[in-house]
Amino acid sequence: MFTVRRLALLSLSATLALGLAACSSDGSSEDGASTSENALVVYSGRGEELVDPLIQRIGGGIEVDYSGNTNAQAAKILEEGDATPADVFYGQDAGALGALDEQGALAPLPEDILSLVPEQYRGADGTWVATSARARVLAYNSDSVQAADLPTGIDGLLDPRWRGQIGYAPTNASFQAFVTALRVQRGEDGARTWLEGFVANEPVAFEGNGPLLTAVNDGQVATGLINHYYWYPFKDENGADAPVELHYFEPGDPGALINVAGAGVLAASDNQDAAFDFVRELLSTESQTYFANETAEYPVIDGVTSEYDLPPLSELGSTDLDLGKLSSLEATQTLLTDVGII
């Protein structure tokens, strides 16, 4: 039995509302919400504080399981197999989506959904799509570091000049996805060599991107590896004069990884039509505007811009990396343990 938070709210979409109503026609609870048996069930690996307001806007008879991180939720689906109550997996990382795809747990998505998202931000066989994107960046303290002195790629972080001056969040899923991408791009030996050099330069570990960014701002460390979207609300809250800025590595460098949050519909779902409608809603202009303006993530459909001054995705990252190949988290964690990072 899993723990869920019931969301029974007004729908933004008549299509989604009708689809969910058809799935819940057998009955409802006293407060008018769909019964657990008939509700659309979403396993979310995204933070509740980030996406709960959006799912409330989508509304309808939806139950959301927020009980674990992305990798734990994907593992639970695989353990439950065909008996899983989940209709949709909404994850924060392409690797978890790729892992479900590899095990045949996801259903092919309709072409009208796939066509909304650029090819590099969806599953190679059409079983999942990105719903938002994020860039790996290097935050730096502008009082102690000149932008011109920052390295163009992650190999420059191994220079002794940065000893003890690089912050990172080793247990964070995004850092581990970066290491997985490093393994994919450079192979196991290449990734190990870089990580060993990184450890030798005495980086400073933090529990998450937020505390790390604060440490850079306060001068505890000169630089820090984070996701871009933490910086924008931080600057809003602390003022334009806060001495922390963002540096982007050159496109193609492992440190310039563009990763995505995304969604897929479970092959075992009995509510696939409603599940497809839910994914469509995540890709609607209103939902994409939410990501752009409320979470400072990159929208993944055409025609949506952000109130934040985000560098265009086309100028960042590397389009030749198959994000679905970021599924080998267990091997990444083994490597990180071997080199003493976790």
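Cut-off values and rules
- Numbering of residues starts from 1 in each chain and follows the order in which that chain's sequence is written.
- Reporting of local features is limited, given that this is a predicted model, to residues whose pLDDT is at least 70; pairs of side-chain atoms are given and counted only at 80 or more, and all residues count toward the totals for whole chains, interfaces and linings.
- Excluded from the side-chain calculation are hydrogens and water; included are all heavy atoms of the structure.
- Note on conventions: DSSP H or I runs of at least 4 residues are helices, E runs of at least 2 residues are strands, and numbering of each starts at the N terminus.
- Burial classes: relative accessible area under 20% of the type maximum marks a residue as buried, over 50% as exposed, and values in between as partly exposed (1.4 Å probe, protein chains only).
- Only heavy atoms matter for contacts: two residues are in contact if any of them lie within 4.5 Å across the pair.
- Only the protein chains shown count as covering a residue, and every accessible area follows the Shrake-Rupley method with a 1.4 Å probe.
- Each aromatic pair joins two rings of Phe, Tyr and Trp (for Trp, the six-membered one) with centres within 6.5 Å, and gets the label stacked for planes under 30 degrees apart, edge-to-face for over 60, and tilted for any other angle.
- Look at NZ for Lys and CZ for Arg. If either is within 6 Å of the ring centre and within 35 degrees of the ring normal, a charge sits over the ring.
- Here the expected length of a helix is defined as 1.5 Å per residue gap, with one fewer gap than residues.
- A residue's bend is the angle separating two fitted axes: one through the seven residues that end there, the other through the seven that start there.
- Within 3.5 Å is the distance limit for a polar contact, defined as a pair of N or O atoms, with the added protein rule that one can donate a hydrogen and the other accept it, and that residues adjacent in sequence qualify only through two side-chain atoms.
- Salt bridge, as applied in this entry: a Lys or Arg side-chain nitrogen positioned within 4 Å of an Asp or Glu carboxyl oxygen.
- By this definition, two strands are paired if DSSP reports at least two bridges between them.
- Buried Ala, Val, Leu, Ile, Met, Phe, Trp, Tyr and Cys residues that are joined via side-chain atoms within 4.5 Å together make up what is termed a nonpolar core.

### Quick notes on the overall build of the chain
Next up, step 1: The helix and strand inventory of the chain stands at eleven helices and ten strands.
Next up, step 2: In the chain, which comprises 342 residues, the proportion classed as buried is 56%.
Next up, step 3: Across the chain, contacts joining residues at least 24 apart in sequence account for 74% of those joining residues at least 6 apart.
Next up, step 4: As displayed, the chain offers around 14300 Å² of accessible surface, 46% of which is attributable to carbon and sulfur atoms.

### Considerations on helix α7 (residues 209-218)
Next up, step 1: For α7, the complete set of buried residues consists of N209, L212, L213, A215, V216 and N217.
Next up, step 2: Tucked into the core, α7 has its buried residues touching β5 (129-141), β6 (166-168), β8 (223-227), α8 (231-238) and β9 (244-247).
Next up, step 3: Remark: G219 follows α7 within two positions and exhibits a positive phi of approximately 85°.

### A closer look at the packing of aromatic side chains
Next up, step 1: A full pass over the atoms with the stated rule returns nine aromatic pairs.
Next up, step 2: Between Y168 and F175, the aromatic rings sit 5.3 Å apart at their centres with planes inclined by 65°, giving edge-to-face as the arrangement. For the residue pair Y168 and F175, the accessibility class agrees, reading buried in each case.
Next up, step 3: Centre to centre, the rings of F175 and F178 are 5.7 Å apart; their planes meet at 55°, and the pair counts as tilted. Highlighted residues: F175 and F178, both in helix α6 (residues 173-200), separated by three residues, approximately one helical turn. Per residue, the accessibility class of F175 equals that of F178, and both read buried.
Next up, step 4: Connected via pairs of aromatic rings, a cluster forms that spans Y168, F175, F178, W194 and F198.
Next up, step 5: Here the guanidinium or amino end of K76 rests over the ring plane of Y43, the centre of that ring lying 4.5 Å away.

### Details of α6
Next up, step 1: Here α6 is 28 residues long, yet its end C-alpha atoms lie only 22 Å apart, well below the 40 Å a rise of 1.5 Å per residue gives.
Next up, step 2: At G187, α6 is bent by approximately 120°, the largest bend along its length.
Next up, step 3: Of the residues flanking the start of α6, the one acting as N-cap is N172, its side-chain oxygen 2.8 Å from the backbone nitrogen of S174.
Next up, step 4: Where α6 terminates, the next one or two residues include E202, which has phi positive at roughly 55°.

### Some details on the environment of E207
Next up, step 1: With respect to the secondary-structure elements, E207 resides in the loop between β7 (204-205) and α7.
Next up, step 2: The class of E207 is exposed, set by a relative accessible area of 78%.
Next up, step 3: Separated by 39 residues in the primary sequence, E207 and Y168 have C-alpha atoms spaced 8.4 Å apart.
Next up, step 4: Discounting residues that sit within four places of it in the chain, E207 has contacts with A169 and T171.

### Side note on the pattern of salt bridges
Next up, step 1: Applying the stated criterion to the full structure yields nine salt bridges.
Next up, step 2: Taking the shortest distance from any N to any O, the salt bridge between E297 and R46 comes out at 3.0 Å. One end of the pair, E297, is in the loop between α10 (285-294) and α11 (329-338); the other, R46, is in the loop between β2 (40-44) and α2 (48-58), with 251 residues separating them in the sequence.
Next up, step 3: Note that E188 is salt-bridged to R183, the shortest N-O span being 2.8 Å.
Next up, step 4: Look at R183 and you get buried, because its relative accessible area is 8%.
Next up, step 5: Via salt bridges that share partners, D112, D277 and R280 belong to a single interconnected network.

### Quick notes on the pairing of strand β10 (residues 258-265)
Two faces make up the sheet, and in a regular strand the side chains alternate between them.
Next up, step 1: Summarising burial for β10: eight of the eight residues are buried, a large majority.
Next up, step 2: Because side chains alternate across β10, one face comprises the buried residues I258, V260, G262 and G264, and the other comprises N259, A261, A263 and V265, equally buried.
Next up, step 3: Where β5 lies against β10, six bridges are found, and the strand directions are antiparallel. The partner of V129 across the bridge, within β10, is A263.

### Quick notes on the side chain of T332
Next up, step 1: Inspection of the secondary structure puts T332 in helix α11.
Next up, step 2: A distance of 2.8 Å separates a polar atom in the side chain of T332 from a polar atom in the side chain of R183.
Next up, step 3: When near neighbours in sequence (up to four residues on either side) are disregarded, T332 contacts Q176, V179, T180 and R183.

### Looking at the nonpolar core
Next up, step 1: Formed by 102 residues in total, the largest nonpolar core has its most connected members in F89, F278 and L323.
Next up, step 2: Tallying contributions element by element places α6 first for this core, with nine residues.

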